[in-house]
Amino acid sequence: MEKYAWLIWSLGFLSFWGVVYFTRPSTRKQMLRMSLFTAPLGLTEPLFVPAYWNPPTLFGLAQRTGFDIESLIFCFSIGGIATVLYEMVVPAQHVPMHEDEKHDSRHRFHLLALASPIIVFVPLMLTTSWNAIYPGILAMIIGTMASLWCRPDLKGKIWVGGGVFLVLYFLFFQLLDLAFPGYVEKYWTLDALSGIITLGIPIEEYLFAFTFGLMWSSLYEHISWQKITPSPPKAHSPDRKTHDSQGGTYVE
């Protein structure tokens, strides 16, 4: 079964995605849009195999080509999950930004803020010998800082989203370690990394999860010019008196 661990783990995230998608109709558009946006990042897997890790994959695709199906499933899933975690813990709703808000001086750098992770990642990959995970983490940190500067109204969603995604990712990683003991030691290229492992997880995975959660938590709002506001309290319908067949009265 160990050769299917990466697939099982990816499908675990997809199952969680499915539960959220079908139980929270108000988030479906946001989840699906961000999942489709994030899924192509799975095509960057050749940058990480085998330099960062080298897990068994379906049909041995990663070992033969660098690409794999599991990475596409994983990226699709976490993209949709990370964008709605804030709404899962804080009652909130989206409203469009007003036109005058869009013309705030900070939004002159709207596109630059969105492109900043790419602007950081690509030159670092071309000019350094760093393992790809480090330019990726740094790029997401810069992207988060740019988002915080350009959209300070989203700072709560950014920090909460990063923290909650880190916790969720940690729990999923613990399940992986319980189901497949020693998986990290076998398939992560630890001698090319920092070597710092906490609770069975390389520090790079913690950093990836936190920075991914930070950046992706506000990306939908940034792209779609949406604001996040508290949800209004649910209105309670007035009590209605109903007569039963015996002439009694009860309240529903």
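Presented here is an overview of the structure given in this document.

Cut-off values and rules
Residues numbered from 1 in each chain as written. Predicted model: local features only at pLDDT ≥ 70, side-chain atom pairs only at ≥ 80, totals over all residues. Heavy atoms only, no water. Helix = DSSP H or I, 4+ residues; strand = E, 2+ residues; numbered from the N terminus. Expected span 1.5 Å × (residues − 1). Contact = heavy atoms within 4.5 Å. Salt bridge = Lys/Arg side-chain N within 4 Å of Asp/Glu carboxyl O. Buried < 20%, exposed > 50% of the residue type's maximum accessible area, 1.4 Å probe, protein only. Core = buried A, V, L, I, M, F, W, Y, C linked by side-chain atoms within 4.5 Å. Axes fitted to C-alpha atoms, helices over the stretch in contact; angles between N-to-C directions. Parallel < 35°, antiparallel > 145°, perpendicular 65-115°, else oblique. Left-handed = near helix turned anticlockwise from the far one by under 90°. Nonpolar A, V, L, I, M, F, W, Y, C, P; charged D, E, K, R; others polar.

This part takes up helix 1 (residues 5-23). Spacing of three or four residues puts side chains on the same side of an α-helix, whose turn is 3.6 residues. For helix 1, built from 19 residues, the straight-helix expectation of 27 Å at 1.5 Å per residue is met to within 8% by its first-to-last C-alpha distance of 27 Å. On its buried side, helix 1 packs onto helix 2 (28-38), helix 4 (69-89), helix 8 (155-179) and helix 9 (183-187).

Here the focus is the pattern of salt bridges. Summed over the entire model, instances satisfying the criterion amount to four salt bridges. Across the pair lysine 186 and glutamate 2 runs a salt bridge whose closest N-O atoms are separated by 3.3 Å. Here lysine 186, found in helix 9, pairs with glutamate 2, found in the segment before helix 1; they are 184 residues apart in sequence, far enough to count as distant. Classification of glutamate 2 by relative accessible area gives partly exposed; the value is 21%. As a salt-bridge pair, glutamate 87 and lysine 157 come within 3.6 Å of each other at their nearest N and O atoms. Taken together, the positions of glutamate 87 in helix 4 and lysine 157 in helix 8 put the pair 70 residues apart, joining distant regions of the chain. Judged by its relative accessible area of 6%, glutamate 87 falls in the buried class. The class for lysine 157 is buried, based on a relative accessible area of 1%.

With 48 residues, the main nonpolar core has Trp9, Phe74 and Tyr169 as its most contacted residues. Looking at this core, the elements that each hand over two or more residues are helix 1, helix 2, helix 4, helix 7 (133-150), helix 8, helix 9, helix 10 (203-217) and helix 11 (219-224). Here this core gets eight residues from one element, more than from any other, and that element is helix 4. Leaving out residues up to four positions away in the same chain, tryptophan 9 has contacts with Phe74, Tyr169, Phe172, Phe173 and Leu176.

Remark: helix 7 packs on helix 10, axes separated minimally by 9 Å, with the N-to-C direction vectors making an angle of 30°. One way to sum up the angle between helix 7 and helix 10 is to call them roughly parallel. Note that helix 7 runs across helix 10; the crossing there is left-handed. Here Ile133, Tyr134, Ile137, Met140, Ile141, Gly143 and Thr144 of helix 7 lie close against helix 10, whose contacting residues are Glu204, Leu207, Phe208, Thr211, Phe212, Leu214, Met215 and Trp216. Among the residues making up the contact of helix 7 with helix 10, the classes are represented as eleven nonpolar, three polar and one charged.

Quick look at the side chain of serine 218 now. Tracing the chain through its elements places serine 218 in the loop between helix 10 and helix 11. The residues touching serine 218, leaving out its near neighbours within four places in the chain, are Ser147, Leu154, Lys157 and Ile158.

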